[in-house]
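One-letter residues, chain by chain:
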Amino acid sequence: MKAVLALADGRIFQGESFGATGEASGEIVFNTAMTGYQEELSDPSYKGQIVTLTYTQAGNTGINPEDIESDKLHLSGLIVKEYIEEYSNWRAVMSLGDYLKENGVIGIQGIDTRALTRHIRDKGAQNGVISTVDFDHSSLIAKAKKLPSMVGRNLVYDVTCKKSYHWSQGEWDINGGYPEIGAESLKYKVVAYDFGIKHNILRCLVSAGCDVTVVPAGFSAEETLAMNPDGIFLSNGPGDPDALGDIIETIKQLIGKKPIFGICLGHQLLVLALGGKTEKLPFGNHGSNLPVKDIATGKIEITSQNHGFVADMDSLKGVATLAHQNLNDHTVEGIRHDTLPIFSVQHHPEASPGPHDSKYLFKRFVDIMEHSESK
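Residues numbered from 1 in each chain as written. Predicted model: local features only at pLDDT ≥ 70, side-chain atom pairs only at ≥ 80, totals over all residues. Heavy atoms only, no water.

Draft legend 1. Representation of the nonpolar core in the model. Counting residues in hydrophobic clusters, the biggest one holds 38 residues, and the most contacted among them are L5, L78, I79, L96, L100 and L116. Among the elements that take part in this core, strand 3 (residues 23-31) stands out by supplying four residues, more than any other. Leaving out residues up to four positions away in the same chain, L78 has contacts with F18, L41, I50, V51, L53, L96, L100, V105, I106, G107, I108 and I130. Counting residues in hydrophobic clusters, the runner-up holds 31 residues, among them L234, I247, L254 and L269. (Core = buried A, V, L, I, M, F, W, Y, C linked by side-chain atoms within 4.5 Å. Buried < 20%, exposed > 50% of the residue type's maximum accessible area, 1.4 Å probe, protein only. Helix = DSSP H or I, 4+ residues; strand = E, 2+ residues; numbered from the N terminus. Contact = heavy atoms within 4.5 Å.)

Draft legend 2. Layout of the sheet that holds strand 1 (residues 2-7). As summarised here, the arrangement of the seven strands in space is 1-2-8-6-4-3-9, forming a closed barrel in which the pairing is mixed. Taken pair by pair, the neighbouring strands of this sheet meet at an average axis angle of 35°, ignoring direction. Across four bridges, the pairing between strand 2 (residues 12-19) and strand 8 (residues 106-109) is antiparallel. Within strand 8, the position partnered with S17 by the bridge is I108. Contacting strand 1, strand 2, strand 3 and strand 9 (126-131), helix 4 (residues 137-146) crosses the sheet at an angle of about 50° to strand 1. (Pairing = 2+ DSSP bridges. Axes fitted to C-alpha atoms, helices over the stretch in contact; angles between N-to-C directions.)

Draft legend 3. Geometry of helix 3 (residues 113-123). Among the residues of helix 3, T113, A115, L116, T117, H119 and I120 are the ones counted as buried. Capping the start of helix 3, D112 holds a side-chain oxygen 3.2 Å from the backbone nitrogen of R114, two or three residues further along. Residue G124 follows helix 3 closely and has a positive phi angle near 95°. (Polar contact = N/O pair within 3.5 Å; in protein donor to acceptor, adjacent residues only side chain to side chain.)

Draft legend 4. Quick peek at the pattern of salt bridges. Counted according to the given criterion, the structure contains eleven salt bridges. In this structure, K198 engages E350 in a salt bridge whose closest nitrogen and oxygen atoms are separated by 2.9 Å. Note that K198 is positioned in the loop between strand 11 (188-194) and helix 6 (199-207) and E350 in the loop between strand 19 (342-345) and helix 10 (360-371), a separation of 152 residues in sequence. K198 gets classed as buried once you look at its relative accessible area, which sits at 5%. (Salt bridge = Lys/Arg side-chain N within 4 Å of Asp/Glu carboxyl O.)

Draft legend 5. A look at a negative patch on the surface. A surface patch of like charges, here negative, comprises E85, E86, D98 and E102. Owing to a relative accessible area of 70%, E86 belongs among the exposed residues under this scheme. (Patch = residues over 30% accessible without salt bridge, like charges linked within 9 Å, V, L, I, M, F, W, Y side chains within 5 Å. Areas by Shrake-Rupley, 256 points an atom, 1.4 Å probe, with all protein chains shown as cover. Lys, Arg positive; Asp, Glu negative; His and termini not counted. Charge placed at Lys NZ, Arg CZ, Asp CG, Glu CD.)

Draft legend 6. The arrangement of the side chain of E39 in detail. Tracing the backbone through its elements, the reader meets E39 in helix 1 (residues 37-41). One buried charged side chain, E39, makes no salt bridge at all; its nearest oppositely charged neighbour is R91, positioned 5.9 Å away. Among all residues touching E39, those that are not within four sequence positions of it are D67, E69, S352 and P353.

Draft legend 7. Focus on unusual backbone geometry. The step from S352 to P353 runs through a cis peptide bond, and the omega angle for that step is 5°. Tracing the sequence through the fold places P353 in the loop between strand 19 and helix 10. If you check the backbone angles, C264 has positive phi at about 60° while not being a glycine. Structurally, the position occupied by C264 is in the loop between strand 14 (260-263) and helix 9 (265-273).

Draft legend 8. Seen up close, the environment of P148. As for its placement among the helices and strands, P148 is situated in the loop between helix 4 and helix 5 (156-159). A sequence separation of 138 residues divides P148 from G10, and the C-alpha atoms of the two residues are 16 Å apart.

Draft legend 9. Expanded view of the packing of aromatic side chains. In total, this model carries eight aromatic pairs according to the counting rule given. Each ring, one from F18 and one from Y83, has its centre 4.3 Å from the other, and the planes form 10°; the classification is stacked. Of the two residues, F18 sits in strand 2 while Y83 sits in strand 7 (residues 82-83), which places them 65 residues apart along the sequence. In this pair, the class of F18 matches that of Y83, namely buried. Every member of this aromatic cluster is reached through a ring pair, and the members are F233, F261, F343, F362 and F365. Positioned above the aromatic ring of Y178 is the side chain of R203, whose terminal nitrogen or guanidinium carbon lies 3.7 Å from the ring centre. Here the guanidinium or amino end of K280 rests over the ring plane of F309, the centre of that ring lying 5.6 Å away. (Phe/Tyr/Trp six-rings, centres within 6.5 Å; stacked < 30°, edge-to-face > 60°. Lys NZ or Arg CZ within 6 Å of the ring centre and 35° of its normal.)

Draft legend 10. Seen up close, the pairing of strand 17 (residues 320-326). Across three bridges, the pairing between strand 15 (residues 277-294) and strand 17 is antiparallel. By the bridge assignment, K293 is partnered in strand 17 with Q325. Relative to strand 18 (residues 332-337), strand 17 is paired through five bridges, and the arrangement is antiparallel. Note that in strand 18 the partner of H324 across the bridge is G334. If you look at the hairpin formed by strand 17 and strand 18, you'll find five residues sitting between the two strands, and H330 has a positive phi there, around 65°.

Draft legend 11. Spotlight on the packing of helix 8 (residues 245-254) against helix 9. Between helix 8 and helix 9, whose axes approach to 9 Å, the crossing angle comes to 70°. Comparing the axis directions of helix 8 and helix 9 gives the class roughly perpendicular. For the pair formed by helix 8 and helix 9, the contact residues are I247, I248, I251 and K252 on the first element and L269, L270, L272 and A273 on the second. By residue class, the composition of the contact of helix 8 with helix 9 is seven nonpolar, no polar and one charged. (Parallel < 35°, antiparallel > 145°, perpendicular 65-115°, else oblique. Nonpolar A, V, L, I, M, F, W, Y, C, P; charged D, E, K, R; others polar.)

Any functional reading would require information that these geometric values do not contain.
The structure is reproduced here in structure tokens:
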């Protein structure tokens, strides 16, 4: 079936649809990872976005239920160069196209994704529309122009859990499957704020020895402190961190009370709660092959990333120190508080299915809880 992609600046791409049919809209971004489309697409951080995969093929490993990172797909649409219907993977149970259709997500294939990626890189991420029902270019461009900017959008409450729950599943076992970890092995009580949390983050926390309770984004500081946790975790998620004023106020009330570890959006929210600033990147960093430097050790890590906003380090002078830096664009990849047991990173140390270079950060969180005076 014919499909058309229209960008707000008037650029048009024509291709064929797969997955669901209809019309999808959102901010168009590109992801440079060569593998792991299933984990990427089930990341809630993609809420409100249409994802372009720069790797030339997608679908050849199908979809399996074990590697899905959330309860459903949250992205608006998917753009690929070539969709492969026939998959080959011993764990796969359905095709990528069927998975998209089941989740109501529209896919478009057969377009020049190289040209689209270069356009976004040069012009910046922008809104767009994919349609299998409206092929009028002027109409689609007009729709794209009317879409709201990602700046100022609060999308966290669209993806957060509705009520608290306990998580006890650990990382993938070599014998297959994700094992349930017994309470006797979980020494550190952690409250994890769900701003769009990925399952593998929770698995890494549990495998590091954390007894994890996941709470909704609107969970108050009073409720969290009443649970007397050893540490607090702030998760990844979608949208503009500056639009989450109520959550920022909650984090402010938690600072200095317990050790805190933040990832991605959680990192940005922590920066804002500490009095810092964030800003929108031209096209963001999305992929599993991005180099980051650990400032303390000088070690270079290859990381998985998925973010469109970034912290302003100058706004944190006298409060926090730069801990990690992106070697491609020199943006802030991590901070540590100057006096309190608080740190955060912009990238994803759980990195499934990406590199494991940064997984030591979960042990760092445990070590901080172990030695914290607030424990």
